[in-house]
Amino acid sequence: MTIPDLDSKRAKVFEQAGFDILTETQELDNEKQIKEVSRSFLSDTITVPTKEMYTYAALASVGDDVYHEPSTKALEAHVAKITGKEAGLFMASGTMSNQIALRTHLKQPPYSVLCDYRAHINKYEAGGLAFHSGAPMITVLPANGHHLTLSDVETYLVTGNDIHGAPTEVIALENTLNGTIFPQDEIVAISEFAHSQGIKMHLDGARIWHVAAETGMSMKELCDPFDSISLCFSKGLGAPVGSCLVGPKAYIQKARWFRKLFGGGMRQTGMMAASAAFALTHNFPKLLDVHALARRLEKGLVDIGVGITSGAETCMVFYDPTPLGVDYSEIVERASKLPDPIKLAGSRIVVHIQTSPQAVEDFINVIRELAEEKKKAGFVPSSVKPKANGHIYKDIYVRGVKPPPLMPFEKA
Ligand SMILES: Cc1ncc(COP(=O)(O)O)c(C=O)c1O
């Protein structure tokens, strides 16, 4: 082949690979998406990175994180410091962080992990513990319907030398869980007991920021009872990606090894770390307003007779409209038909830093209108409210404009 022929072949290869990903209306598309997010109650994972965040992120260091990237290292050290731990490790996601955390704790089978049956590690990580660690999960239903107690834990703990059992090696708690705050004194009691038995404590702290914002407790105090904590930047804090696992130095060193093994050794992560740092500085304090808006939403629902099955302790409200003769799919449908549509899941409402207060009012009005229509059609609203049971989670979740009556749940 002549050199000109080869050159033209190469030019074709490059031409085929080149790709302008931006649409002709990209800026408008983004504005539309930002508006949609402000009127979506699906999750706080949908929050949009702002121009200010990305301007800051673009200034971050540009090293390769498998060889210890400076901005990423700084973020890891900072999160370790505020949580009172020796070291931190940046992770691609909360799921990866939890799974590697547990894998790193588990040394030699047989072993098991005890958690609340509603825990993300149990229900929404695709059975990862069995896959990655070959460990069973001992799932516990909290007797009080809100949070596990030491008594719940003691009842289900597997200890001793009976060869039929898989001894509990880790107790994994979640705070917040479904937006509810785990009482710290109960966590301390569980932790003291666990440690007295040589059992490790892990926290899925994807939304531990909300607990600190709401209670004013320091991150260190909240994290002290745990050997390892996974904290997310991409939920309530509004960063685009990333979580951080913190714990003792030797433990994090081992976790770094597992992260590589899991395929999670990333390269130029500086801009992700800087986005997280921006979120910590600028978005974390906004959580107080988020919680106030969630409480406003709850009150609006209560005022019109909606049942609340899990109240607004932080950013989530779980509701039940059946006392008004209204069901979720009617609400979802009506909200989606508004001039400025609202996106909803089933029973779970999540308020986030970009939620529009108007969307909250519009959502309440949708239910009010539907309730009035039902009344006119002869429905007698029930004064018996659905019990707050704390056991509901993302039981019904919307995946389309017109959902089926029972919708499959979705993680996040
Ligand atoms: C409590 C909790 N833990 C862990 C995760 C997993 O995070 P990711 O979606 O980043 O894997 C989520 C996701 O929303 C979560 O809500």
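Basis of the calculations
- Residues numbered from 1 in each chain as written.
- Predicted model: local features only at pLDDT ≥ 70, side-chain atom pairs only at ≥ 80, totals over all residues.
- Heavy atoms only, no water.
- Helix = DSSP H or I, 4+ residues; strand = E, 2+ residues; numbered from the N terminus.
- Expected span 1.5 Å × (residues − 1).
- Buried < 20%, exposed > 50% of the residue type's maximum accessible area, 1.4 Å probe, protein only.
- Arc of directions from axis to C-beta.
- Pairing = 2+ DSSP bridges.
- Axes fitted to C-alpha atoms, helices over the stretch in contact; angles between N-to-C directions.
- Core = buried A, V, L, I, M, F, W, Y, C linked by side-chain atoms within 4.5 Å.
- Polar contact = N/O pair within 3.5 Å; in protein donor to acceptor, adjacent residues only side chain to side chain.
- Phe/Tyr/Trp six-rings, centres within 6.5 Å; stacked < 30°, edge-to-face > 60°.
- Lys NZ or Arg CZ within 6 Å of the ring centre and 35° of its normal.
- Parallel < 35°, antiparallel > 145°, perpendicular 65-115°, else oblique.
- Contact = heavy atoms within 4.5 Å.
- Nonpolar A, V, L, I, M, F, W, Y, C, P; charged D, E, K, R; others polar.
- UniProt positions renumbered as here; feature names shortened; annotations may be inferred.

1. Regarding helix 12 (residues 249–261)
With 13 residues, helix 12 extends 19 Å from end C-alpha to end C-alpha; this agrees with the ideal 18 Å at 1.5 Å per step. Every buried residue of helix 12 is accounted for by Y251, I252, A255, F258 and R259. Angular distribution of buried residues about the axis of helix 12 spans 110°; they occupy a single face of the element. Exposed residues on helix 12 whose side chains face more than 90 degrees from its buried face are K249, A250, Q253, W257 and L261. Two residues or fewer after helix 12 comes G263, characterised by a positive phi angle close to 85°.

2. Re unusual backbone geometry
Residue P109 is joined to P110 through a cis peptide bond whose omega torsion reads 0°. Tracing the backbone shows P110 in the loop between helix 5 (94–105) and strand 2 (112–116). Going from N175 to T176, the amide bond is cis rather than trans, its omega being 0°. One can find T176 in the loop between strand 4 (168–174) and helix 9 (184–196). A positive phi angle is found at H68, which is not glycine, with a value near 70°. Inspection of the secondary structure assignment puts H68 in the loop between helix 3 (51–57) and helix 4 (70–83).

3. Some remarks on the sheet that holds strand 6 (residues 228–232)
Strand order across the open sheet formed by seven strands is 1-7-6-5-4-2-3, with mixed pairing between neighbours. The outermost strands of the open sheet, each flanked by one partner alone, are strand 1 (87–91) and strand 3 (137–140). Pairs of neighbouring strands in the sheet enclose a mean axial angle of 20°, with direction left out of account. Here five bridges tie strand 4 to strand 5 (residues 200–205), and the two strands are oriented parallel to one another. Bridge pairing links E174 to D204 in strand 5.

4. Structural notes on the sheet that holds strand 10 (residues 348–350)
Read across the open sheet, the three strands follow the order 8-9-10; overall the sheet is antiparallel. On the outer flanks of this sheet lie strand 8 (307–310) and strand 10, each paired with one strand and no other. Neighbouring strand axes in the sheet, compared pairwise and without regard to direction, differ in orientation by 40° on average. In this structure, strand 8 lies alongside strand 9 (residues 316–320), joined through three bridges in antiparallel fashion.

5. As for the nonpolar core
Grouped together as the largest cluster of nonpolar side chains are 81 residues, with contacts concentrated most on F41, I171, L173, F233, Y319 and F363. Considering every element that reaches this core, the biggest residue donor is helix 16 (residues 357–376), with eight residues.

6. Here's the deal with the environment of S228
One can find S228 in strand 6. What makes S228 buried here is its relative accessible area of 0%. Note: C-alpha distance between S228 and P142 (86 residues apart in sequence) is 22 Å. Reaching out from S228, the side chain makes a polar contact with the side chain of H202 at a distance of 2.8 Å.

7. Things to note about the packing of aromatic side chains
Any aromatic ring pair is given by two values, namely how distant the centres are and how the planes are angled relative to each other. Counted by the stated rule, this structure contains eight aromatic pairs. Ring centres 5.5 Å apart and planes at 75° place the aromatic pair W209 and F284 in the edge-to-face group. Residue W209 is found in helix 10 (residues 208–215), and its partner F284 is found in the loop between helix 13 (270–283) and helix 14 (287–303); the two are separated by 75 residues along the sequence. Seen in terms of ring centroids, F258 and F262 are 6.4 Å apart; in terms of plane orientation they differ by 80°. Their pairing is edge-to-face. Its relative accessible area of 12% is what places F258 among the buried residues. Residue classification places F262 among the partly exposed positions, given a relative accessible area of 25%. Following the ring pairs from residue to residue traces out a cluster consisting of F41, Y319, Y328 and F363. Geometry around W257 places K254 over its ring, the cationic atom sitting 5.8 Å from the centre.

8. Considering the packing of helix 10 against helix 14
It is the contact of helix 10 with helix 14, at a shortest axis distance of 9 Å, that shows an interaxial angle of 85°. Here helix 10 is positioned roughly perpendicular relative to helix 14, judged by the angle of their axes. Residues W209, H210, A213 and E214 of helix 10 form the contact with helix 14, whose own contacting residues are L287, L288, H291 and R295. Across the contact of helix 10 with helix 14, the residue classes tally to four nonpolar, two polar and two charged.

9. Describing the UniProt feature "modified residue: N6-(pyridoxal phosphate)lysine" (unreviewed entry) in the protein
Per the UniProt record, "modified residue: N6-(pyridoxal phosphate)lysine" (unreviewed entry) is found at K235. Taking the relative accessible area as the measure of exposure, K235 reaches 14% and is therefore buried. Ignoring sequence-local partners within four residues, the contact set of K235 consists of D44, T45, T47, G94, A206 and R207. At 3.5 Å, the side chain of K235 and the side chain of S234 are in polar contact.

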